[in-house]
Amino acid sequence: MKQQTVLRLAVQKSGRLGDEALDLLKKAGLFWRADERRLSIQVENFPLEIIFLRNSDIIEMLRDDVADIAILGENTIQEENYSAEIRVTKDLGFGNCRLCLAVPKNSEIDLNGATIATSYPNILKSYLKKQKFSAKIIEMQGSVEVAPALQIADAICDLVSSGNTLRSHNLVEIETILFSSAQLVAKKGLAAEKTELFEKLLVRIDSVLSAKNLKSIVLNAPKKIIPEIIEVLPGLDSPTIMPLADEDWVAMHSVVTEDEQFWDTIQKLKALGASGILIQPIERVIV
Ligand code: PRT
C-alpha cells in the first residue's frame, strides 16, 4: 500500500515565533491532540508534521531535507543567505522587528573604523560594504546590548522590537539595516505531491491572514436612508440588503476593516439612523 505523503513544517520550538506560528496553524483549522513540547507532532486533519527546532537550526534542517517548509524570520533568511533556495515566501505579519545599529546615548561614534558587536555578522558585513565603511565586527550569540558597557564594542547591530532593551542599556538607534517579520517558506525542488499539499496549506493560511482586522457588520436601517448608509459603509463588496417584517426597514450586512476610521464609521451610521448594529469578528476569508 502506498504511504501517504506528509509535508514537514519546521517551527521554532519556543521563543518569539513558535507560539504565534502554532496559533496561526490552529486558526487555519489544523488540529492536533499531541503535546506541543514533543520533538514533532502529526496534524490530525491535514497531512502535515510539525517539527520543533531551535530557530538557528531551521535552515540547516531545510537544507538537509529534514523539513520541507518552515516558519522563520526574514532576518534569519538574510543572515543565512537562504533566499535563493526558497520557492515561495509568505509574509505572516507577526514577529515584527528591525535590525538596527545602536550606539551609547550622547556618544559621537564614527561607524567608519568602529568596533560593532552583533549576532548578524553577514548582514552587517554586506551593509558596511555597501556603505563603504570599514569596521571591526565582534560576533556574539546573545546579550549583544551589553557590549558597549563592557567596552567590547563601540556600537551594536541587533534586533529591536519595542526598543526597551536599547533604552535600558542607554543605547540609541542610529540606523535601520533591515525590517523583518515571520515568513512561511517552501524550499525549491519539492516533489509535486508536496507542492500540492503546500498550496492547499497556503490557501488555509491565506484565509486567516485575509480575515485579520476584518469585522462583519449587520445593522437595521429605514429603507429611505439606504443610499446614505451605502456611502458610509465601506465594504469588501457592496452591502447585502435584506427585507424585514416591517416593510419600511431593511437589514444590511457588510464586511469592513477595523482601522483608525472604524469607530467614526460606526458613529456616522448611528447618526444617520441605523440601529441594532452588530459587530462580529471574521475567522477566515477566501478571496
Ligand atoms: O532560542 P532559539 O535558538 O530558538 O533562537 P533565538 O534565540 O534566535 O530566538 P528568539 O525567540 O529570540 O528570536 C526568534 C526570532 O524572533 C528572531 O529571529 C526574529 O525573527 C524574531 N524577533 C522579533 C526577535 C525580536 N522580535 C526581538 N526583539 N528576536 C529577538 N529579539 C530580541 C533582540 O535580539 C533583543 O535582545 O529582543 C531584544 C530586543 O527587544 P525589545 O522589545 O526590547 O526591543
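Keep in mind it's a predicted model, so treat the numbers as computed, not measured.

Trainee: Would you mind showing me how to read the side chain of Gln-183 here?
Mentor: With respect to the helices and strands, Gln-183 occurs in strand E11 (residues 182-187). Taking relative accessible area as the criterion, Gln-183 reaches 6% and is therefore assigned buried. There is a polar contact of 3.2 Å between the side chain of Gln-183 and the side chain of Ser-181. Leaving out residues up to four positions away in the same chain, Gln-183 has contacts with Ala-70, Ile-71, Leu-72, Glu-74, Ile-77, Thr-89, Lys-90, Asp-91 and Leu-92.

Trainee: Where do I start with the site of the ligand in this structure?
Mentor: Near the ligand lie 21 residues; those nearest to it are Arg-54, Asn-75, Ser-162, Gly-163 and Thr-165. Between the ligand and Ser-161, the relevant distance is 2.8 Å, taken from a nitrogen atom to a side-chain nitrogen or oxygen of the residue. Protein burial of the ligand: of its 830 Å² of free accessible surface, 78% is covered by the chains. Among the secondary structure elements, those contributing two or more residues to the shell around the ligand are helix H3 (74-79), strand E9 (155-160) and helix H5 (164-168).

Trainee: What exactly am I supposed to notice about the packing of aromatic side chains here?
Mentor: Two descriptors summarise a pair of aromatic rings, namely the distance from one centre to the other and the angle between the planes of the rings. Applying the stated rule across the entire model yields one aromatic pair. When the centroid spacing of 5.2 Å and the interplanar angle of 90 degrees are considered together, the rings of Phe-262 and Trp-263 count as edge-to-face. Phe-262 gets classed as buried once you look at its relative accessible area, which sits at 2%.

Trainee: Sorry if this is basic, but what is going on with the sheet that holds strand E4 (residues 69-73) here?
Mentor: Spatially, E2-E3-E1-E4-E11-E5 is the arrangement adopted by the six strands of the open sheet, whose pairing is mixed. Each having just a single partner strand, strand E2 (40-42) and strand E5 (86-91) make up the two edges of the open sheet. Direction aside, neighbouring strands of the sheet carry axes that sit 25 degrees apart on average. Bridge count between strand E1 (residues 7-12) and strand E3 (residues 48-53): six bridges; the pairing is parallel. Within E3, the residue paired with Arg-8 across the bridge is Glu-49.

Trainee: Before we go on, may I ask you to explain the pattern of salt bridges in this structure?
Mentor: Pairing of side chains with opposite charge becomes possible as their charged atoms draw close. Using the criterion set out here, one finds eleven salt bridges in the structure. Close ionic contact of Arg-8 with Asp-68 constitutes a salt bridge, the shortest N to O distance being 2.9 Å. Linking Arg-8 in strand E1 with Asp-68 in the loop between helix H2 (58-63) and E4, this pair joins segments that are 60 residues apart in sequence. With a relative accessible area of 4%, Asp-68 lands in the buried category. Asp-206 is the salt-bridge partner of Lys-90, the closest N and O atoms lying 2.7 Å from each other. Of this pair, Lys-90 sits in strand E5 while Asp-206 sits in helix H6 (residues 192-211), placing them 116 residues apart in sequence. Taking relative accessible area as the criterion, Lys-90 reaches 24% and is therefore assigned partly exposed. One salt-bridge network, held together by shared partners, links Arg-8, Asp-68 and Lys-194.

Trainee: Mind showing me how you'd approach the side chain of Ser-216 here?
Mentor: Relative to the helices and strands, Ser-216 is located in strand E12 (residues 214-222). Residue class for Ser-216 comes out buried when judged on its relative accessible area of 10%. Here the side chain of Ser-216 touches His-253 through a polar contact of 2.9 Å, side chain to side chain. Not counting the four nearest positions on each side in its chain, Ser-216 is found in contact with His-253, Ser-254, Leu-278, Ile-279, Gln-280 and Ile-282.

Trainee: Got a minute to help me understand H6 in this structure?
Mentor: Residues that lie three or four places apart on an α-helix share one face, since the helix turns once every 3.6 residues. The end-to-end C-alpha separation of H6 is 29 Å, in line with the 28 Å expected for 20 residues at 1.5 Å each. Considered for burial, the residues of H6 that qualify are Lys-194, Thr-195, Leu-197, Phe-198, Leu-201, Leu-202, Ile-205, Ser-207, Val-208 and Ala-211. Of the residues one or two after H6, Asn-213 is the one with positive phi, at around 70 degrees.

Trainee: Sorry, what's going on with the nonpolar core here?
Mentor: Here is a general trend for soluble globular proteins: nonpolar side chains tend to be buried in one another's company. Of all hydrophobic cores here, the largest spans 32 residues; its most connected members are Leu-9, Leu-48, Ile-50, Ile-69, Ile-71 and Leu-184. Looking at this core element by element, the count peaks at six residues for H6. Ignoring anything within four residues of it in the chain, the contact list for Leu-48 reads Val-6, Leu-7, Leu-9, Leu-30, Ile-41, Gln-42, Val-43, Ile-69 and Leu-201. Core analysis: the next-biggest nonpolar cluster, separate from the first, contains 15 residues, Ala-221, Ile-226, Val-232 and Leu-269 among them.

Trainee: What exactly am I supposed to notice about helix H4 (residues 121-131) here?
Mentor: Buried within H4 we find Pro-121, Ile-123, Leu-124, Tyr-127 and Leu-128. Looking straight down H4, one finds that the buried residues subtend no more than 160 degrees of arc, so they occupy a single side. Turned more than 90 degrees away from the buried face of H4, the exposed residues are Lys-125, Lys-129 and Lys-130. Contacts made by the buried residues of H4 are with H3, strand E6 (97-104), strand E7 (115-118), strand E8 (136-139), E9 and strand E10 (171-180). Lys-132 sits one or two residues past H4 and shows a positive phi near 60 degrees.

Rules of the game
- Residue positions within a chain follow its written sequence, with the count starting from 1.
- Confidence filtering applies because this is a predicted model: local features only for residues at pLDDT of at least 70, side-chain atom pairs given and counted only at 80 or more, and all residues used for totals across whole chains, interfaces and linings.
- As a rule here, side-chain values cover all heavy atoms of the structure and leave hydrogens and water aside.
- A run of H or I in DSSP counts as a helix once it spans at least four residues, and a run of E counts as a strand once it spans at least two, with each numbered from the N terminus.
- Think of it in three bands: with a 1.4 Å probe and only protein chains considered, a residue is buried below 20% of the maximum accessible area for its type, exposed above 50%, and partly exposed in between.
- N or O atoms within 3.5 Å of each other form a polar contact, as long as, within protein, one can give a hydrogen and the other can take it, and as long as residues adjacent in sequence are counted only when both atoms are side-chain atoms.
- In what follows, residue pairs with any heavy atoms lying within 4.5 Å of each other are defined as contacts.
- We define proximity as follows: a residue is near a molecule or strand when any one of its heavy atoms falls within 4 Å of that partner.
- Only the protein chains shown count as cover for residues, and the accessible areas themselves come from Shrake-Rupley with a 1.4 Å probe.
- Any two rings among Phe, Tyr and Trp, with Trp reduced to its six-membered ring, count as a pair given centres within 6.5 Å; such a pair is stacked if its planes are under 30 degrees apart, edge-to-face if over 60, and tilted if neither.
- Note: two strands are recorded as paired if DSSP finds a minimum of 2 bridges between them.
- In this analysis, axes come from line fits to C-alpha atoms, helices being fitted only over the stretch in contact, and the angle between any two N-to-C directions falls in the range 0 to 180 degrees.
- A pair is scored as a salt bridge if a Lys or Arg side-chain nitrogen falls within 4 Å of a carboxyl oxygen belonging to Asp or Glu.
- To estimate how far a helix should reach, multiply one less than its number of residues by 1.5 Å.
- Nonpolar cores are built from buried Ala, Val, Leu, Ile, Met, Phe, Trp, Tyr and Cys residues. Side-chain atoms within 4.5 Å join them into one set.
- Working note: the arc is built from the helix axis to C-beta atom directions.

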